[in-house]
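Each chain, letter by letter, is given below.
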Amino acid sequence: MGHDKLRKFAENETFACLKQPSSAEVLLRTGEPGLHLRDHALKGRWGADVFGNANPIVLELGCGKGDYTVALAGRFPEKNFIGVDIKGARLWKGAKYVTENAVTNAAFLRTRVEFLEAFFAPGEISEIWLTFSDPQLKSPSGRLSAPGFIRRYRKFLAPGGVIHLKTDSRFLHEYTKAVVNASGYKTLNSSIDIYGSTETLPDVVTSIQTFYEKMFLAEGYPITYLAFTPDGEPAEPSFDEKFWKEAEGGRRSFSHAPHKKP
Ligand SMILES: C[S@@+](CC[C@H](N)C(=O)[O-])C[C@H]1O[C@@H](n2cnc3c(N)ncnc32)[C@H](O)[C@@H]1O
């Protein structure tokens, strides 16, 4: 491991806003197939124990350096924000900013999205942002907007809670729209080109850009946005994988490859 990463990991240990539970804290070894989770001490207690208030809590999943978490926290002091990612070296950037600027309504959680129901109680979360998630072209169940993930989110998302998906991947945008349609969910906003459209979008959609967004914009790719309320059981979509894979072209398997980018 490089010196820079080691330095960031060491500094991460000093950030009170960054929670880094070990897998052993939430994973139960039952010997049975499947994922078995045990509740973490923070489950249902983020407001009281981390933020010291009962304000709504918004998650950014796969937050990387935490760009949305930090920017939204600055704009909405009446809400709390938690960025979730598995990569400590990326979370370091957001956690350092929050620490150095004494931001009181933002925190970070280093864990897998698959483990989130161990950390959040029913109704504890009011909104979820998925920002530039890997489109997982070969693994439908691995997409963070797949029915399996939405089923998980519904365990802690309050009724009427919103999921926002911002992505450069038209494939992931269309796939998620197909899930929304199959599940009968209400669409609040949908745009296939947020900077090129005349639709009225929430200001935070166009005025905050993440690390990956800037990269994809520089490459000339349109940015899409979808917001919906997942009220009800999610359903498997009817989706033309082949057509949208071809429309996506070859670049994304490269650009989203975790080992290629910081
Ligand atoms: C393409 S990057 C986007 C990062 C950031 N949202 C941005 O726009 O700059 C995707 C991020 O999702 C994280 N990620 C992917 N799958 C994950 C999972 N199952 N649990 C936690 N983090 C995950 C990766 O570590 C990576 O930082």
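One can find the structure itself at the top, above this paragraph.
Let me sum up the structure you'll find in this document. (Residues numbered from 1 in each chain as written. Predicted model: local features only at pLDDT ≥ 70, side-chain atom pairs only at ≥ 80, totals over all residues.)

### A closer look at the nonpolar core
In summary, soluble globular proteins display a tendency toward joint burial of nonpolar side chains.
Step number 1: Ranked by internal contacts, the top residues of the largest apolar core, which has 51 residues, are Leu-59, Ile-82, Phe-108 and Ile-128.
Step number 2: Looking at which element gives the most residues to this core, the answer is helix 7 (residues 170-183), with five residues.
Step number 3: Sequence-distant contacts of Phe-108, that is, excluding residues within four places in its chain, are made with Cys-17, Leu-18, Gly-66, Ile-82, Gly-83, Leu-91, Gly-94 and Ala-95. (Core = buried A, V, L, I, M, F, W, Y, C linked by C-beta atoms within 7 Å. Buried ≥ 20, exposed ≤ 12 C-beta atoms within 10 Å, placed from the backbone. Helix = DSSP H or I, 4+ residues; strand = E, 2+ residues; numbered from the N terminus. Contact = placed C-beta atoms within 7 Å.)

### Side note on the site of the ligand
Step number 1: As a structural note, the neighbourhood of the ligand is formed by 20 residues, with Gly-62, Gly-64, Phe-132, Thr-210 and Tyr-212 the closest of them.
Step number 2: Broken down by element, the residue count for the shell around the ligand peaks at three residues, all from helix 9 (residues 211-218).
Step number 3: Looking at the shell around the ligand residue by residue, the class counts come to six nonpolar, six polar and eight charged. (Near = placed C-beta within 6 Å. Nonpolar A, V, L, I, M, F, W, Y, C, P; charged D, E, K, R; others polar.)

### Re the environment of Leu-42
Step number 1: When you line up the elements, Leu-42 lands in the loop between helix 2 (23-26) and helix 3 (46-51).
Step number 2: C-alpha separation for the pair Leu-42 and Phe-119, spaced 77 residues apart in sequence, amounts to 6.1 Å.
Step number 3: Leaving out residues up to four positions away in the same chain, Leu-42 has contacts with Lys-19, Asp-49, Val-50 and Phe-119.

### Focus: helix 9
Step number 1: Buried within helix 9 we find Tyr-212, Glu-213 and Phe-216. One face of helix 9 carries all of its buried residues, which in axial projection span an arc of 100°. Seen from the buried face of helix 9, the exposed residues on the opposite side, beyond 90 degrees, are Lys-214 and Ala-218.
Step number 2: Just downstream of helix 9, Gly-220 is the residue with a positive phi angle, here 90°. (Arc of directions from axis to C-beta.)

### Remarks on the pairing of strand 8 (residues 224-229)
Step number 1: The buried fraction of strand 8 amounts to five of the six residues, a majority that puts the element mostly inside the structure.
Step number 2: Bridge count for strand 6 (residues 157-167) against strand 8 is five bridges, and the pairing is antiparallel. Bridge pairing in strand 8 links Ile-163 to Phe-228.
Step number 3: Bridge count for strand 7 (residues 186-191) against strand 8 is five bridges, and the pairing is antiparallel. Considered in strand 8, the bridge of Thr-187 is made with Phe-228. (Pairing = 2+ DSSP bridges.)

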